[in-house]
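In case you want the letters, here they are:
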Amino acid sequence: MTPDETRAIVTISLLAAFADGQKHERERAEIRRIAEGLAGEGGLHVPSLVQDVLMKRVTVGSAAAVLSSPESRQLAYEMAVGVCDADGAQSPAEQAFLAELARVLGLEAGVAATISQQAETLATVPMSAPASAPVPASTAATAQAAVNEAELDSAILNAAILNGALELLPESISTLAIIPLQMKLVYRIGKAYGYELDRGHIKDFLATAGVGLTSQYLEQAGRKLIGGLLGSVGGGLLRGLGKQAVSSGMSFATTYALGHVAKRYYAGGRVLSAQMLKDAYAGMTREAQGLHARYLPQMQQRARTLDAAQVMNLVRQG
């Protein structure tokens, strides 16, 4: 893939990120922060691309015109769908954007529908059946007394290793799977302490801790794309394992931190303030980053055993 094609796909992804005019300013700020973090990588100045999008100096048509191969056009659509689905089911504005993108890219209707269906399945997978309101405090207190702390710690570490492994895979669907797996981890932890959580509560918990869903996907997929792994086939995985160590460290750290902060939050009866949650998440993320090198071989080994179909099953099963 040429640098111009990479630039075009990043631009299309940013257009997708801002397609929903209802997106919270907090998430928009996160997207700008990520752009600053990606500045200079792969020869791209992502902050200037963000400005081009916000100032409407670029369109879907002008970006798509740069993509000459069927593979690059499909990859652009996959990333745009991932951005739109990262925070849940697509809004009407996002659906309209993706329909126009598929038309401009010249994608076959069946191909576009399959990509969207896979992403929607991941974005809307039930946490458990059925999810309902939190259980009474007395029941929660009883559940807390029976929690197996070591078992939860093991589940958090295993989830972090799995998500680190997913970040090593070349399929864009693998990157999109990280968020629902993180949400299911939070759900499992809340349930262990007697709280039956719904998707809305979990999204609020992640946002309060400082984890943006759209921005997290955009950062993970963007790093893979700029690093030359996203969309690779054949031996791309084995060649890219070393290059993706930093990116897998991000997925490992965010999952590990979310798990342990959720454990602290629900074990304590959900009394932490928003600032305390943010501080706890930041501290746990730093701790997890120090653990990354120790567990990287396990992430690499796990990545070698996964394919796209297995990833879909993992998310469905939790």
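For the structure, see preceding data.
Since we're looking at a predicted model, the values are computed, not measured.

A.B. asks: Mind showing me how you'd approach the side chain of Gln90 here?
C.D. replies: Within the fold, Gln90 resides in the loop between helix 5 (70-85) and helix 6 (92-105). Judged by relative accessible area, which is 13%, Gln90 ranks as buried. Separated by 2.8 Å, the side chains of Gln90 and Asp85 make a polar contact. Leaving out residues up to four positions away in the same chain, Gln90 has contacts with Val81, Cys84, Asp85, Gln95, Leu98, Ser116 and Glu120.

A.B. asks: Sorry, what's going on with the environment of Leu206 here?
C.D. replies: Following the sequence through the fold, Leu206 ends up in helix 11 (residues 199-209). Separated by 52 residues in the primary sequence, Leu206 and Leu258 have C-alpha atoms spaced 7.7 Å apart. Apart from residues no more than four positions distant in its own chain, Leu206 is found in contact with Met183, Val186, Val211, Leu213 and Leu258.

A.B. asks: Just checking my understanding: could you explain the packing of aromatic side chains for this structure?
C.D. replies: Given two aromatic rings, their pairing is described by the distance between the two centres and the angle made by the two planes. Scanning the model with the defined rule gives 6 aromatic pairs in all. Judged by centre distance (5.4 Å) and plane angle (35 degrees), the rings of Phe205 and Tyr265 are tilted. Of this pair, Phe205 sits in helix 11 while Tyr265 sits in helix 14 (residues 245-267), placing them 60 residues apart in sequence. Look at Phe205 and you get buried, because its relative accessible area is 3%. When its relative accessible area of 12% is taken as the criterion, Tyr265 is described as buried. Taken together, a centroid distance of 5.9 Å and an interplanar angle of 25 degrees make the contact between Phe252 and Tyr295 stacked. Here Tyr295 lies in helix 15 (residues 274-303) and Phe252 lies in helix 14, a separation of 43 residues in the sequence. Phe252 sits in the buried class, given a relative accessible area of 0%.

Definitions and limits used
Residues numbered from 1 in each chain as written. Predicted model: local features only at pLDDT ≥ 70, side-chain atom pairs only at ≥ 80, totals over all residues. Heavy atoms only, no water. Helix = DSSP H or I, 4+ residues; strand = E, 2+ residues; numbered from the N terminus. Buried < 20%, exposed > 50% of the residue type's maximum accessible area, 1.4 Å probe, protein only. Polar contact = N/O pair within 3.5 Å; in protein donor to acceptor, adjacent residues only side chain to side chain. Contact = heavy atoms within 4.5 Å. Phe/Tyr/Trp six-rings, centres within 6.5 Å; stacked < 30°, edge-to-face > 60°.

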